Amino acid sequence: LISYDCCYMGSAEAALQISPYANVMVASQEEVGYWGMPYEKVLDTDLSLLSTEQIAKRLVEYGGADAVEFPTIAAYDLS
């Protein structure tokens, strides 16, 4: 899982470049806010209990809840 906490990384070009190194990418297609991802919400659980897809879903759910910080956010299956 690779999660980009920076602007404009949710592109096909970025996904293609990292596809050999990860199965899932989480990123925004637009500018992201100053505070970035709400990692404190995502990381409040032992991540070893979650699948890669479940972690990605949490990132999208919590990041997408703040439309100012993340106007767009998506998880991409890189397989």
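Coordinates for the structure precede this section.
Quantities reported herein were computed from a predicted structural model and do not represent experimental measurements.

Visitor: Explain the packing of aromatic side chains residue by residue, including any values.
Guide: Under the definition given, this model contains 1 aromatic pair. Ring geometry for Tyr34 versus Trp35: centroids 4.8 Å apart, planes at 80 degrees, classification edge-to-face. Residue classification places Tyr34 among the exposed positions, given a relative accessible area of 71%.

Visitor: Pulling in residues and values, what's your account of helix α3 (residues 52-64)?
Guide: The terminal C-alpha atoms of α3, which comprises 13 residues, lie 18 Å apart, in line with the 18 Å expected from a rise of 1.5 Å per residue. Ile55, Ala56, Arg58, Leu59 and Gly63 are the residues of α3 that are buried. The buried side chains of α3 occupy one side of the element, clustering within an arc of 155 degrees when seen end-on. Exposed residues on α3 whose side chains face more than 90 degrees from its buried face are Glu53 and Lys57. Residues of α3 that are buried make contact with β1 (2-3), β2 (24-27), α2 (39-42) and β3 (74-77).

Visitor: Account for unusual backbone geometry, with residues named and values stated.
Guide: Residues other than glycine seldom take positive phi values, yet Tyr8 does so here, at roughly 60 degrees. Mapped onto the elements of the fold, Tyr8 is located in the loop between β1 and α1 (12-18).

Visitor: Please give an account of the environment of Thr72 that cites residues and values.
Guide: Structurally, the position occupied by Thr72 is in the loop between α3 and β3. The exposure class of Thr72 is partly exposed, given its relative accessible area of 23%. Each C-alpha atom of the pair Thr72 and Gly10 lies 9.0 Å from the other, and the pair is 62 residues apart in sequence. Look past the residues within four positions of Thr72 in its chain and what remains in contact with it is Ser28, Gln29 and Glu30.

What counts, and where the lines are drawn
Residues numbered from 1 in each chain as written. Predicted model: local features only at pLDDT ≥ 70, side-chain atom pairs only at ≥ 80, totals over all residues. Heavy atoms only, no water. Phe/Tyr/Trp six-rings, centres within 6.5 Å; stacked < 30°, edge-to-face > 60°. Buried < 20%, exposed > 50% of the residue type's maximum accessible area, 1.4 Å probe, protein only. Helix = DSSP H or I, 4+ residues; strand = E, 2+ residues; numbered from the N terminus. Expected span 1.5 Å × (residues − 1). Arc of directions from axis to C-beta. Contact = heavy atoms within 4.5 Å.

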